[in-house]
Amino acid sequence: MIHVNASSLQFHLQNDSLSYIFHVLKNGHIGHLYFGKRLHHVEDFSSFYQEDERGATAYVYEGNNQFSLDLVQQEYPVYGTTDFRYPALHIEQEDGSRISDFKYQSYRIMKGKPALQGLPATYVEDEQEAETLEITLYDEVTNAQLRLLYTVFTDYGVITRSASISNHGNKPLNINHMLSCSLDFFDANYEMVQLSGSWSRERHVKCRALQSGVQSISSTRGTSSSQHNPFFALKRPETTEDTGDVYGFNLVYSGNFLAQVEVDHYDVARASIGINPFDFSWTLEEGESFQAPEAVLVYSDQGLNGMSQQYHGLYRHRLARGMWRNKPRPILINNWEATYFDFNEDKILHIATEAKALGIELFVLDDGWFGQRNDDKTSLGDWFENKNKLPNGLKGLSEKINQLGMQFGLWFEPEMVSKVSELYETHPEWVIQVANRACSHGRNQYVLDFSRPEVVNYIDEKMAHILQDCSIHYVKWDMNRYMTEIGSLALPAHRQKEVPHRYILGVYELYERLTTRFPHILFESCASGGARYDPGMLYYAPQTWTSDDTDAVERLKIQYGTSMVYPLSSLGAHVSEVPNHQVMRVTPLSTRANVAFFGTFGYELDVSKMNEQEKQQVKAQIAFYKQCRSLIHDGVFYRLRSPFEGDGNETAWMVVLPDQSMALVGHYQVLAKPNDGFKRLCLRGLDKDQRYSVQQLDSYLKNKSNVEHHHYGDELMYAGLNLGISFSGTNPGLVEDSGDFCSKLWVLQKG
Ligand code: DGJ
């Protein structure tokens, strides 16, 4: 998989779908040659490389008017010599110099893939699954060593990259800027796809043509954020969901990031991603090392769906870990929207009893069970139960839920503290803060300083005590505010800009400890919904609460965008009540479920308040999800119609079992259209030579063998699925079938 030409120092990483090629430049830096569709290996790729004289630039060697870093494609550019674009690395030395000159020293090929110290990363289980190339470079003035890691996977169209630096000198170094990867594309005829939004409308798909200069997305909020996901793709203008070249960049990191494309004066596009250099620096003392997070690069020639499928497969199998990686995820009911803070044991047991009768498998007790918490003003940090609400404690409640035949899950917000709390009274210095400055609040709460090991130890002890003592199968780990006035009272002045990264390392450390100690617990991450939906979190918590917005129509966009990178098995999706609590929209119960089916399914309402007919409907939904759960979690997902295109009125997607024997198709229409034309939907991923039975969900639920339609895969993919009749003024039907917010689901089975 990795070819090395030791004399010309060219490196070719190759698998069945891609090639990634680079070489050592004449000044010892690393030059980029090619990333894209697999090429034959040849001994010499130097025809991809050019040098020439250009006006008004700077050259590296006296007497040589051709070799300028301004003119060549690079792999990990550093600041200071003849490249004027943004570098991947910028180091400040004690004498004030910011120049570095890392020259190639050696290479090493390793079977498999090494872990990254203290950081989440993709992994292998067998060393045949991947090969890793380590390139070592050395700067003789600072005595710093730079290690670039490149892993090529056998079964995925993926290259992972990361970088680390070690100080072998006797003076401290200050890292101002250290990205995980940088890569120069030969031309700039690309569109940049990003996932941006805000609380309650996370990860909307946005797309723009690259322009000269810098285009970037980033976070300075202390989390990866709901404003921008640490992901972007570069696609050709003609690339669609199904065809054409696309390159994905995703950072395995949950804190402040920068993702940037700089188009230079020769239309070379420098794509880079890593920790946000803004308000970051890291002092590297003698003998110390710094590891940058991993970037996951995907190449696909099968459009955005092809790219997403690579991410989905890799993240499902080689990012998520532990016993829950492969286990069916329980259907849950969460009491947040059902009760908010207003509950007691009786109320919870009442809802749980009803939920059990409907087939729900896990009850999740959300915010409000601890300290004196009856609203969002108090008690974060006081992780002991409120005996007024739960007279038998969490232990008593969890046991009673278990006796009903359900698993029990619990909400925590480990990284936060309320001023009205015993923890804050004892340790006001444990809050992220800057001396002599006021501390802003978010939702009346303050951020604990997870850069301090004693804080992590304290929260670890409190959580472990509860998880040990009670019968808990699931934890929802929430995080409900962004960071402000960032500083730590425990760190010296010159290390204050290290706080956001140290904080995230503290969060990872706590996750690592708890997931190791309680391997049977399923963790779901959450940050006001989806403000920390990133691969860093997925390494520890295989599910994420996608968004606080549970409205079925809003969820179409949110789930469509999220699926660009993240698999359905990670995507928390619940049916909630109407009018919806976020947008007051009233949608049919069937549509709410038809959207939520495409994720890890659950309910977020008081099922005991539903009427008998609704309960029967919910029962059927649950039974159906149980039948299709492995298809949804392990299947290959295709986006078919985008809510971000045209008038956005229609969305469609489908999921197909890897052996193509079964598929589930969802079609959604926001507003009804009078007298609309006949419509068809071209499906994807089926076996063109096989016949499929095609049943709408209602008929499938009534009688699986009562199949009205059979079609070959080729008919369904090339001629399309008949979407049926919509309201035409002559066929008044059910609102659910043809009114506003209607949806249809089809089950396809081979044979
Ligand atoms: C924000 C989460 O996204 C909600 O689901 C809920 O857990 C609340 N926090 C509780 O405070």
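Quantities reported herein were computed from a predicted structural model and do not represent experimental measurements.

### Brief notes about the sheet that holds strand β35 (residues 691-696)
1) Next: Read across the open sheet, the six strands follow the order β31-β32-β33-β38-β35-β36; overall the sheet is antiparallel. Taken across any chain shown, the strands that pair with only one partner, and hence form the sheet edges, are β31 (636-641) and β36 (709-712). With strand direction ignored, the average angle separating the axes of adjacent strands in the sheet is 25 degrees.
2) Next: In this sheet, strand β38 (residues 742-750) lies alongside strand β33 (residues 662-669) in antiparallel orientation, the contact comprising eight bridges. When the sheet's bridge partners are listed, Ala663 is paired in β38 with Leu748.
3) Next: Each of β31, β32 (650-656), β33 and β38 is contacted by helix α11 (residues 612-634), which is oriented at about 95 degrees to β33, the strand it contacts most.

### Here we look at empty space enclosed by the protein
1) Next: In the structure shown here, the tally under the stated rule is seven cavities of 30 Å³ or more.
2) Next: Reported here for the largest cavity is a volume of approximately 70 Å³.
3) Next: What lines the largest cavity is simply His29, Ile30, Gln74, Tyr76, Pro77, Val78, Phe102, Leu137, Leu146 and Leu148.

### Digging into the pattern of salt bridges
1) Next: Under the defined criterion, the tally for this structure stands at 47 salt bridges.
2) Next: Among the ionic pairs, Arg318 bridges to Glu129, the shortest N-O distance being 2.7 Å. Taken as a pair, Arg318 in helix α1 (residues 303-318) and Glu129 in the loop between β6 (103-111) and β7 (130-139) lie far apart in primary sequence, 189 residues in all.
3) Next: You can call Glu129 buried: its relative accessible area is 18%.
4) Next: We note a salt bridge from Asp242 to Arg684, for which the minimum N-O separation is 2.7 Å.

### Topic: the nonpolar core
1) Next: Counting 197 residues, the largest nonpolar core has Ile165, Leu365 and Trp369 as its most contacted members.
2) Next: Ranked by residues supplied to this core, first place goes to helix α7 (residues 499-517) with eight residues.
3) Next: Of the domains in this structure, domain 1 (2-318) and domain 2 (639-750) are the two that each give at least three residues to this core.
4) Next: For Ile165, the contacting residues outside a window of four places in its chain are Leu89, Ile91, Phe102, Ala144, Gln145, Leu146, Ile175, Met178, Leu284, Glu288, Ser289 and Phe290.

### A closer look at the site of the ligand
1) Next: Near the ligand there are 13 residues, and of these Asp366, Asp367, Lys476, Asp478 and Asp548 occur at the shortest range.
2) Next: At a separation of 2.7 Å, an oxygen atom of the ligand approaches a polar side-chain atom of Asp367.
3) Next: Residue composition of the shell around the ligand, grouped by class: four nonpolar, three polar and six charged.

### Digging into unusual backbone geometry
1) Next: For the bond running from Val578 to Pro579, omega is -10 degrees, close enough to zero to count as cis.
2) Next: Residue position: Pro579 is located in the loop between β29 (571-576) and α10 (589-596).
3) Next: Residues other than glycine seldom take positive phi values, yet Glu485 does so here, at roughly 40 degrees.
4) Next: Examined against the element boundaries, Glu485 turns out to sit in the loop between β26 (474-477) and α7.
5) Next: In this structure, Ser528 is a non-glycine residue whose phi angle is positive, near 45 degrees.
6) Next: Mapped onto the elements, Ser528 comes out in the loop between β27 (522-525) and α8 (535-540).

### Regarding the domain arrangement of the chain
1) Next: Each domain of the chain was delimited in the assignment, giving domain 1 (2-318) and domain 2 (639-750).
2) Next: Using only C-alpha atoms to locate each centre, domain 1 and domain 2 end up separated by 41 Å.

### Some points on the pairing of strand β14 (residues 228-235)
1) Next: The buried count for β14 comes to seven of eight residues, which makes it a mostly enclosed element.
2) Next: In this sheet, β14 lies alongside strand β11 (residues 191-198) in antiparallel orientation, the contact comprising five bridges. Note that in β14 the partner of Gln194 across the bridge is Phe232.
3) Next: Note: β14 against strand β15 (residues 246-251), five bridges, orientation antiparallel. In the strand pairing of β15, Phe232 is matched with Phe249.

### Points about the sheet that holds β29
1) Next: With respect to topology, eight strands assemble into a closed barrel ordered β21-β22-β23-β26-β27-β28-β29-β30, the strand pairing being parallel. Neighbour to neighbour, the strand axes of the sheet diverge by 30 degrees on average, direction disregarded.
2) Next: In this structure, β26 lies alongside β27, joined through four bridges in parallel fashion. Note on β27: the bridge partner recorded for Lys476 is Glu524.
3) Next: This element, α10, spans β29 and β30 (600-604) of the sheet and lies at about 170 degrees to β29.

### Things to note about the packing of aromatic side chains
1) Next: Taken as a whole, this structure holds 51 aromatic pairs when the rule is applied.
2) Next: Aromatic side chains Tyr20 and Tyr150 sit 5.7 Å apart centroid to centroid with 55 degrees between the ring planes, which places their arrangement in the tilted category. Taken together, the residues Tyr20 in strand β3 (residues 18-24) and Tyr150 in strand β8 (residues 144-153) connect sequence positions 130 residues apart.
3) Next: Residue classification places Tyr150 among the buried residues on the basis of a relative accessible area of 0%.
4) Next: Measuring from ring centre to ring centre gives 5.5 Å for Tyr311 and Tyr315, while their planes differ by 45 degrees; the resulting arrangement is tilted. Remark: Tyr315 and Tyr311 occur in helix α1; sequence separation between them is four residues, near one turn of the helix.
5) Next: Note on Tyr311: relative accessible area 0%, which makes it buried.
6) Next: The ring of Tyr190 carries Arg236 above its face, with NZ or CZ at 4.0 Å from the centroid.
7) Next: Note that Arg691 overlies the ring of Tyr712, its terminal NZ or CZ placed 6.0 Å from the centroid.

### Some words on the packing of helix α9 (residues 552-562) against α10
1) Next: Interaxial distance between α9 and α10 falls to 9 Å at its minimum, and their mutual angle equals 15 degrees. Between α9 and α10, the angle falls in the class roughly parallel. Classified by chirality, the crossing of α10 by α9 is left-handed. Every residue of α10 that contacts α9 at Ala552, Arg555, Leu556 and Gln559 is listed here: Thr591, Arg592 and Val595.

### Some words on helix α6 (residues 453-469)
1) Next: End to end, α6 covers 24 Å across 17 residues, agreeing with the expected 24 Å (1.5 Å per residue, within 8%).
2) Next: Of all the positions in α6, only Val455, Val456, Ile459, Asp460, Met463, Ala464, Ile466 and Leu467 are classed as buried. Down the axis of α6, the sector holding all buried residues measures 160 degrees, keeping them to one side. Turned more than 90 degrees from where α6 packs its buried face, Glu461, His465 and Gln468 sit exposed.
3) Next: On its buried face, α6 is in contact with α4 (393-403), β23 (407-412), α5 (422-426), β26 and α7.

### Comments concerning the environment of Val565
1) Next: Topologically, Val565 is positioned in the loop between α9 and β29.
2) Next: Note: C-alpha distance between Val565 and Gln260 (305 residues apart in sequence) is 18 Å.
3) Next: Residue contacts for Val565: discarding those within four places in its chain leaves Leu195, Phe231, Asn250, Tyr311, His312 and Tyr315.

### Focus on the pairing of β8
1) Next: Taken across its 10 residues, β8 has nine buried, putting it largely inside the fold.
2) Next: In this structure, β7 lies alongside β8, joined through 10 bridges in antiparallel fashion. Residue Leu133 lies in a different strand from β8, and its bridge partner there is Tyr150.
3) Next: Here β7 folds back onto β8 in antiparallel fashion, the turn holding four residues, of which Asn143 has a positive phi close to 55 degrees.
4) Next: Here β8 hands over to strand β9 (residues 158-167) after four residues, the two strands then running antiparallel side by side.

Criteria and cut-off values
- Just so you know, the residues in each chain are numbered from 1, in the order the chain's sequence is written.
- Restriction of local features to residues with pLDDT of at least 70 applies here, the model being predicted, together with a cutoff of 80 or more for giving and counting side-chain atom pairs; totals for whole chains, interfaces and linings are based on all residues.
- In computing side-chain properties, one takes all heavy atoms of the structure into account and sets aside hydrogens as well as water.
- Two strands pair if DSSP finds at least two bridges between them.
- To qualify as a helix, a DSSP run of H or I must reach at least 4 residues; to qualify as a strand, a run of E must reach at least 2; elements of each kind are numbered from the N terminus.
- Orientation is described by lines fitted to C-alpha atoms, with helices fitted over the stretch in contact, and by angles between N-to-C directions that extend from 0 to 180 degrees.
- Any two residues having at least one pair of non-hydrogen atoms within 4.5 Å are treated as being in contact.
- Of the grid points, spaced at 1 Å and generated over the protein atoms alone, those admitting a 1.4 Å probe that cannot get out make up cavities, while open sets with protein on both sides within 12 Å along at least five of seven lines make up pockets; any residue with an atom within 4 Å of a point is treated as lining.
- Grid points are joined across faces, edges and corners, and a volume is the space filled by probe spheres set on the points.
- Note on definitions: salt bridges are taken to be side-chain nitrogens of Lys or Arg within 4 Å of carboxyl oxygens of Asp or Glu.
- Under the scheme applied here, a residue whose accessible area is under 20% of the maximum for its type counts as buried, over 50% as exposed, and between as partly exposed, the area being computed with a 1.4 Å probe on protein chains only.
- Take the buried residues of types Ala, Val, Leu, Ile, Met, Phe, Trp, Tyr and Cys, join any two whose side-chain atoms come within 4.5 Å, and each joined set is a nonpolar core.
- Domains are outlined according to an automatic or database domain assignment.
- Distances are taken per atom, and a residue is near a molecule or strand as soon as one of its heavy atoms is within 4 Å of it.
- Any N or O atom pair separated by 3.5 Å or less is treated as a polar contact, with the protein-specific requirement of one donor-capable and one acceptor-capable atom, and with residues adjacent in sequence counted only for side-chain atom pairs.
- Gly is put with the polar residues, along with every residue not named as nonpolar or charged; the nonpolar set is Ala, Val, Leu, Ile, Met, Phe, Trp, Tyr, Cys and Pro, and the charged set is Asp, Glu, Lys and Arg.
- To pair, rings of Phe, Tyr and Trp, with the six-membered ring standing in for Trp, must have centres within 6.5 Å; the planes then decide the type, stacked if under 30 degrees apart, edge-to-face if over 60, and tilted in the middle.
- For a Lys NZ or an Arg CZ to count as sitting over a ring, it must be within 6 Å of the ring centre and within 35 degrees of the ring normal.
- Each angle gets one of four labels, with under 35 degrees taken as roughly parallel, over 145 as roughly antiparallel, 65 to 115 as roughly perpendicular, and the rest as oblique.
- Handedness of each helix crossing follows the sense of rotation of the near helix against the far helix: counterclockwise by less than a right angle gives left-handed, clockwise gives right-handed.
- Multiplying 1.5 Å by the residue count of a helix minus one yields the expected span of that helix.
- Taken from the helix axis, the directions to the C-beta atoms give the arc we talk about.

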